[in-house]
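# Examination of the molecular architecture
Chain by chain, the residues run as shown.
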Amino acid sequence: VTDLAIAATTQPSAPEAGGWARGRPYFVYALQRLAQAVVVILLAYVLSFVLITILPGNAIATTLGNPQSGLSPAQVRNVENYYGVTKPIIVQLWMALSRFARGQLGTSLVSHQTVTSLIAGALPYTLKLAGTALLISLVLAAVIAYGSQYLPGKWARSVIRSAPSLFLSVPNFIIGLLLIHYFSFQMHTFDVLNPDSPVGTFFAGLALGIPICAPLAEVLIANLDHETGQEYVLVARSRGLTQARLFARHLVKPSMLPAVTMAALIAGELMGGAIITEEVFGRNGIGSVMYQAVSNQDTPVLQGIVALAAVVFVVVNLIADLLSPLLDPRVRLGGGGRREVATP
Amino acid sequence: MIGNSVARRFHRVVLGVAALAVLVPTVAACSSGSPSGGGTAADAAAGSPKDGGNLTFLIQEFPAGWVSSESNISSYEGNLWGEITDKLVYVSSTGAVSPWIATSWQTEDNAEKYILHLKPGVTFSDGTPLNAAAVVDNITLWAKGDPSRGIAKVGLFPAIYFEQAKAVNSTTVEVDFSKPTLGFIPTLGYHGSILLSPKTLALSVNQQANLTNEIGSGPFVVKSFQTGVSYTLARRADYDWGPPALGHTGPAYLDSITYKVVADESTREQAVVAGDAQADFNVTPSDIPSLESQGFTVATPRYLGFVDGFEVDADAGPTASLDVRQAIQHAINRTQILNTVYPKGWDLAESFIQSNVPEAQNDSALFDYDPTLAAKLLTEAGWVLGPNGYRTKGGQTLDFTLVPNPYVPSTEQEDELIAQQFAKVGIKAQLKIVPLSDYASFAATSAKYPLLSVSRSFIDFSTVGGVLTSVNGGQNWFDLGTSDKTLDNLSQEIESASTTTQRDTVASQVQQYVLNQGYFIPVVQQVQRIYLLAPNVHGVTYNGVAYANFYTAWLS
């Protein structure tokens, strides 16, 4: 999916005829991208189903087969048959797909709640965490990027330039454990029993946001380096613009485009990282639902979450792809004049 | 150019590594930090119970959801079920059965017919009366399940000979079996036999999965919850039908109980130590001594059931020989296992059933640790020591595969130790780790493993009669089929006994026989639930399946 995202953002494929401004080609391009997105989501759904189902065992047998249950294998098989988990994989896949096509995600084989209600119950917590983390990472990335250009002293600038590599190499669970240890256990800034409090959410967002800001900061730094060397910057400087004004008015905007295309990648990292961060901070969310679904082989729940992840990823990509030609007139669909986009 | 960028990259990596070097010791310090302070050591003289207060109960998860027929298998949900529902009888931690919603009962027709007399005036929290009709609905579902809705029967309910339950009048229920079923009354106190409103039972499985729909008659009701986060129960002010055996029948003392889901074990423990919560389910056993020294109560209640041990395939392979089975019985140093794997609070097995089962007797002399005797028995059976230290017979090595029970994680350490102890008498043993997700299918096809780990609770001794042989559809634990006539007879006598006095004699014989024959190799007594309580929590009681009753609890 990642490769596809990069390919899609850097090589918009569209019919030869003219630029996007004519309307119709852009519409065709958008339709193509939409069709691709649907295929990717379906593939993710099928693949996750096959991967879980070919493993031995199933959720029903694991739950009811506990020797403590006192149920005989025949009694367990009755329930297995009711839920169809013993049918051939291809039949089960057909059942799952036809359900999916009707917009239903099915029910959990363990708790028997509908997958939709399980996800709906957990998603707000994850969105809150991911949103906080995104905000924190954007601010951090901007601060690092600004510092990399204007911090007094070459030494200081080189230190701040190495920050993204450091952030990238420290796993977010270590950052999380350190934050919990110092800010919760020692300084009592937040209560680990209420991880969803605003302060608790801030620290969880920080743990998740720090590694995420790294690639963002690197792209910004690379593009700022590139743009600073451009003639228009020299002209602007010669007209007496202050550094801050130059940064905000002239440098940030052209450096933003590659950051927008990176948003899709960041969305993936946010989702993956949120799951780990939720576990570390003991937060409720998609992560804990997924963790339980994996450990119980709760296929419908896991498929629902994979489908959700695929949808988020594909939609963010799609938006990035569809926005790029609109954001920067130099990005043409199939024509010449595409500008170079620096990626780390 | 290239050289320059490589150098820069190297520079960054060095910086990153340096930073990690600073961070790692801090993390190590973080994980080894011992819980500090908190507990006022002396548990103040209890005094008389006080009303009021909220008890915060920390729990790892509620993994099985709220469909009652399934969640009774999980160890977690039972903690909440026990507070919002009642049972027909109360079974204490010593297996004593006493009245609860059923104030009295009669056993008729050789224990084939039971008449239950219900307490009048009991209501579910939605106002529906808990009358004979409601009890009939519950008993019928426990016994039969509902295949058309995908609802399994309650596993431990003695349903083989169940015929029907019917309401005689609004407070009298008659239950009929086709053969004597002594296990019926005690099973009514099992944590799977919880009384729910007929409206709840009639719901589809998907609707039952919603905790809001769980209407019981218990001392607490569900007030609010956020799935996976916290669950608050509030006291029912009009509750007046608690089990008399607990010495309290009115409303609960606590205003509310809040279950908070905290996945991390050490976080839960630290929160109780810091006074942020009053109870914690399943603490790390090795932390028990340190917690107790700080004034906290750690309860390790026993459940009624089989001990932790092995069922032996007495039909095939080396274990078909009595000498080999007895040698194994004497080759295990249970004291060493207890001291190495388990901290304070665990006990040695005295029989193949837990010692709090009323029928249990101390037969530990039949399986004491005696490596010399074990070696002698093996030599007599023709298994001679080879140069590699293992015994062989006819070119075959005496070799076992032990499969730790993933439902009881400590069995892995146990089995490692047992393998070492086996080696001392010349038995080779290796471990095969089967993950939880594969264990059910493994257990269904595990005939090839002569020693198989057992973890099984029961609330009445009659369960024993149903597992020993294949008589009457028994579970045939020892693969004997019907080849051991003595055991067949004992099983049938247990199952057909129509009075407990009659059964007691058989119970004593069957324990001696099974242990002497080496059919069951006991190891230690099973502890499934561990409760950590703050010093200001008083009056907590534990029932026969080792669940805490917070109905009688109060805070000082």
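Rules and cut-offs
Residues numbered from 1 in each chain as written. Chains lettered and ligands numbered in written order. Predicted model: local features only at pLDDT ≥ 70, side-chain atom pairs only at ≥ 80, totals over all residues. Heavy atoms only, no water. Core = buried A, V, L, I, M, F, W, Y, C linked by side-chain atoms within 4.5 Å. Buried < 20%, exposed > 50% of the residue type's maximum accessible area, 1.4 Å probe, protein only. Helix = DSSP H or I, 4+ residues; strand = E, 2+ residues; numbered from the N terminus. Pairing = 2+ DSSP bridges. Phe/Tyr/Trp six-rings, centres within 6.5 Å; stacked < 30°, edge-to-face > 60°. Lys NZ or Arg CZ within 6 Å of the ring centre and 35° of its normal. Axes fitted to C-alpha atoms, helices over the stretch in contact; angles between N-to-C directions. pLDDT = per-residue confidence, 0-100. Contact = heavy atoms within 4.5 Å. Buried area = accessible area lost by both parts, 1.4 Å probe. Salt bridge = Lys/Arg side-chain N within 4 Å of Asp/Glu carboxyl O. Polar contact = N/O pair within 3.5 Å; in protein donor to acceptor, adjacent residues only side chain to side chain. Left-handed = near helix turned anticlockwise from the far one by under 90°. Nonpolar A, V, L, I, M, F, W, Y, C, P; charged D, E, K, R; others polar. Patch = residues over 30% accessible without salt bridge, like charges linked within 9 Å, V, L, I, M, F, W, Y side chains within 5 Å. Areas by Shrake-Rupley, 256 points an atom, 1.4 Å probe, with all protein chains shown as cover.

Turning our attention to the nonpolar core. Counting residues in hydrophobic clusters, the biggest one holds 156 residues, and the most contacted among them are F57(B), L88(B), I139(B), F184(B), F306(B), F422(B) and F550(B). No other element matches the eight residues that helix α4 (residues 132–144) of chain B contributes to this core. Residues F203(A), A207(A), L208(A) and A274(A) belong to the second largest nonpolar core, which totals 42 residues.

The side chains of a regular strand alternate, residue by residue, between the two faces of the sheet. Residue and element names in this part refer to chain B. Bridge count between strand β4 (residues 102–108) and strand β5 (residues 113–118): six bridges; the pairing is antiparallel. The partner of W105 across the bridge, within β5, is L116. Joining the antiparallel neighbours β4 and β5 is a turn of four residues, in which D109 adopts a positive phi near 50 degrees.

What follows is about the packing of aromatic side chains. Residues and elements named next belong to chain B. Under the counting rule described, the total for this entry stands at 39 aromatic pairs over all chains. Through pairs of rings, three or more aromatic residues link up here, namely F57, F62, W66, Y76, W81, F225, Y231, Y259, F281, Y531, Y542 and F550. If you follow R529 out to its NZ or CZ, it ends over the ring of Y547, 3.8 Å from the centre.

This part covers the sheet that holds strand β19 (residues 451–454) of chain B. Residue and element names in this part refer to chain B. Read across the sheet, three strands follow the order β19-β13-β20 without closing on themselves; strand pairing throughout is antiparallel. Looking at which strands have only one partner, the edges of the open sheet turn out to be β19 and β20 (520–524). Neighbour-to-neighbour, the strand axes of the sheet open up by a mean angle of 25 degrees, direction not taken into account. The sheet contact formed by strand β13 (residues 308–312) and β19 spans four bridges and is antiparallel. Looking across to β19, one finds that F310 is bridged to S453.

Residue and element names in this part refer to chain A. Considering every residue of chain A, the mean pLDDT works out to 79; 86% of them sit at 70 or more. Summarising per-element confidence for chain A, the mean pLDDT is lowest in helix α1 (residues 2–10) (39) and highest in helix α6 (residues 115–150) (90). Within the model, pLDDT remains below 50 along residues 1–21, and this stretch shows 30 contacts once partners closer than five positions in the same chain are excluded. Between residues 335–344, whose pLDDT stays under 50, and residues either more than four places distant or in other chains, the model counts 16 contacts.

So, about the interface of chain A and chain B. The interface is formed by 45 residues belonging to chain A together with 53 residues belonging to chain B. Buried surface at the junction of chain A and chain B, both sides included, amounts to about 4300 Å², of which 60% is carbon and sulfur. At the boundary of chain A with chain B, the tally comes to zero salt bridges. At the boundary of chain A with chain B, the tally comes to five residue pairs in polar contact (both at pLDDT 80 or more).

Below, the discussion takes up unusual backbone geometry. Backbone geometry follows two general trends: most residues other than glycine have a negative phi, and most peptide bonds adopt the trans configuration. All names here are of chain B. Positive phi, close to 60 degrees, is recorded for N110, a residue that is not glycine. As for its placement among the helices and strands, N110 is situated in the loop between β4 and β5. N110 sits in the exposed class, given a relative accessible area of 53%. Positioned with a positive phi, A111 is a non-glycine residue whose angle comes to about 65 degrees. Inspection of the secondary structure puts A111 in the loop between β4 and β5. Owing to a relative accessible area of 2%, A111 belongs among the buried residues under this scheme.

Here we come to the environment of A546(B). Residues and elements named next belong to chain B. Among the secondary structure elements, A546 is positioned in the loop between β23 (541–542) and β24 (548–549). Of the residues examined, A546 reaches a relative accessible area of 0% and is grouped as buried. In this structure, the C-alpha to C-alpha distance between A546 and R503, residues 43 residues apart in sequence, is 25 Å. The contact partners of A546, leaving out residues within four places of it in the chain, are P301, R302, Y303, R529 and Y531.

Turning to the packing of helix α8 (residues 172–186) of chain A against helix α9 (residues 198–228) of chain A, a few remarks are in order. Residue and element names in this part refer to chain A. The interhelical angle for the contact between α8 and α9, taken along N-to-C directions, is 150 degrees, at an axis separation of 9 Å. As α8 packs across α9, the resulting crossing turns out to be right-handed. Across from N172, I175, G176, L179 and F183 in α8, the residues of α9 making contact are F203, L206, A207, L208, I210 and P211. A breakdown of the residues in the contact of α8 with α9 according to their chemical character gives nine nonpolar, two polar and no charged.

A few words now on a nonpolar patch on the surface. All names here are of chain A. Taken together, the side chains of V311, V315, I319, L323 and L326 make up a nonpolar region of the molecular surface, amounting to roughly 370 Å² of accessible area. Summarising the element assignment, V311 is placed in helix α13 (residues 299–327). A relative accessible area of 32% means that V311 is categorised as partly exposed.

Pairing of strand β17 (residues 399–402) of chain B with strand β18 (residues 428–431) of chain B involves four bridges; the strand directions are parallel. When the bridges of β18(B) are listed, F400(B) appears paired with A429(B).

Let's shift gears to the environment of E112(B). Residues and elements named next belong to chain B. Within the secondary structure, E112 sits in the loop between β4 and β5. Remark: the alpha-carbon pair of E112 and E380, spanning 268 residues in sequence, is separated by 49 Å. For E112, the contacting residues outside a window of four places in its chain are V175, D176, F177, S178, K179 and P180.

All names here are of chain A. Examined against the element boundaries, S184 turns out to sit in helix α8. Among the residues examined, S184 registers a relative accessible area of 4% and is labelled buried. Polar side-chain contacts of S184 include one of 2.8 Å to the backbone oxygen of F190. Here S184 is in contact with L179, T189, F190, D191 and V192, once residues within four sequence places are set aside.

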